[in-house]
Amino acid sequence: MSVQAKVLMYATAVCPYCIRAEALLRQRGVTEIEKVRVDLDPERRDEMLERSGGRRTVPQIFIGDTHVGGCDELVALDRAGGLVPLLAGD
């Protein structure tokens with residue numbers, strides 16, 4: 001599978017959900033994840049809040065222009081068969 005969509009993930013250093021989400025993305029062929037560490041760059045947290053509609057928890061995952069949500073939403077999207085097409089840019 002060819003991954004074409006850009007993946008952006010707002011995360012912190014020791015977040016188990018961030019680690020799980022990244023592992024799932026890697027399993028689906030994602031080699032590049034733009035990771036924004038909101039614990040190191042508090043100004044980017046405001047950006048995350050704005051882009052995610054006010055969600056404060058990490059991870060917040062964006063694939064292309066689509067806000068997927070957090071780890072649970074990513075896993076649900078994968079189980080429903082929607083993750084791979086989204087990553088492919090279909």
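Everything that follows concerns the structure shown earlier in this document.
Because the structure is a prediction, the values reported are computed rather than measured.

Procedures and definitions
- The residue count restarts for each chain, going from 1 along the sequence in the order it is written.
- For a predicted model such as this one, the threshold for reporting local features is a pLDDT of at least 70, and the threshold for listing and counting side-chain atom pairs is 80 or more; totals across whole chains, interfaces and linings nevertheless cover every residue.
- The basis for every side-chain value is the complete set of non-hydrogen atoms in the structure, without hydrogens or water.
- Whether two aromatic rings pair depends on their centres lying within 6.5 Å, for rings of Phe, Tyr and Trp, where Trp uses its six-membered ring; planes under 30 degrees apart make the pair stacked, over 60 edge-to-face, and the rest tilted.
- Only DSSP runs of H or I with at least four residues qualify as helices, and only runs of E with at least two residues qualify as strands; both kinds are numbered from the N terminus onward.
- Partly exposed residues are those whose accessible area sits between 20% and 50% of the maximum for their type, while under 20% is buried and over 50% is exposed, using a 1.4 Å probe and protein chains only.
- For a lysine, the NZ atom is tested; for an arginine, the CZ atom; a charge sits over a ring if that atom is within 6 Å of the ring centre and within 35 degrees of the ring normal.
- In this description, strands pair whenever DSSP reports at least two bridges between them.
- Note on definitions: angles span 0 to 180 degrees between N-to-C directions of axes, and those axes are lines fitted to C-alpha atoms, for helices only across the stretch in contact.
- The contact rule is simple, with two residues in contact once any of their heavy atoms fall within 4.5 Å.
- Only buried Ala, Val, Leu, Ile, Met, Phe, Trp, Tyr and Cys residues count toward a nonpolar core, and they belong to the same one when joined by side-chain atoms within 4.5 Å.
- Any carboxyl oxygen of Asp or Glu within 4 Å of a side-chain nitrogen of Lys or Arg constitutes a salt bridge here.

Undergrad: Lay out the packing of aromatic side chains with the relevant residues and their values.
TA: Counted by the stated rule, this structure contains one aromatic pair. The interplanar angle of 80 degrees and the centroid separation of 6.0 Å between the aromatic rings of tyrosine 10 and phenylalanine 62 together place this pair among those described as edge-to-face. Separated by 52 residues along the polypeptide, tyrosine 10 in strand 1 (residues 7-11) and phenylalanine 62 in strand 3 (residues 60-63) bring together distant segments of the chain. We classify tyrosine 10 as buried; its relative accessible area is 0%. For the cation-ring pair, arginine 51 lies above phenylalanine 62, with the distance from its terminal atom to the ring centre recorded as 4.1 Å.

Undergrad: Account for the sheet that holds strand 2 (residues 34-37), naming residues and giving values.
TA: Taken in spatial order, the four strands make up an open sheet running 2-1-3-4, and their pairing is mixed. The outermost strands of the open sheet, each flanked by one partner alone, are strand 2 and strand 4 (66-69). Within this sheet the neighbouring strands show an average axis-to-axis angle of 20 degrees, counted without direction. Two strands pair when backbone bridges link them, and strand 1 and strand 3 are joined in this way by four bridges, in the antiparallel orientation. The partner of tyrosine 10 across the bridge, within strand 3, is glutamine 60. Across the sheet, helix 2 (residues 42-51) touches strand 1, strand 2 and strand 3, and the angle it forms with strand 1 is around 120 degrees. The strands that helix 3 (residues 71-79) touches are strand 3 and strand 4; relative to strand 4, the one it contacts most, it runs at about 105 degrees.

Undergrad: Describe in detail the nonpolar core, supporting the description with residues and values.
TA: Counting 26 residues, the largest nonpolar core has Leu25, Ile63 and Leu74 as the members making the most contacts within it. Of all the secondary-structure elements, those providing two or more residues to this core are strand 1, helix 1 (16-27), strand 3, helix 3 and helix 4 (83-88). With five residues, the single largest contributor to this core is strand 1. Setting aside its immediate chain neighbours within four residues, leucine 25 contacts Val7, Val30, Ile33, Ile63, Leu74, Leu83 and Leu87.

Undergrad: Before we move on, can you summarise the pattern of salt bridges with the specific residues and values?
TA: This model, assessed by the stated rule, comprises seven salt bridges. The salt bridge involving glutamate 34 is made with lysine 6; its shortest N-O contact spans 3.2 Å. Taken together, the positions of glutamate 34 in strand 2 and lysine 6 in the segment before strand 1 put the pair 28 residues apart, joining distant regions of the chain. With a relative accessible area of 54%, lysine 6 lands in the exposed category. The partner of glutamate 22 in a salt bridge is arginine 26, and the shortest N-O contact between them spans 3.1 Å. Here arginine 26 and glutamate 22 lie together in helix 1, a separation of four residues that amounts to about one turn.

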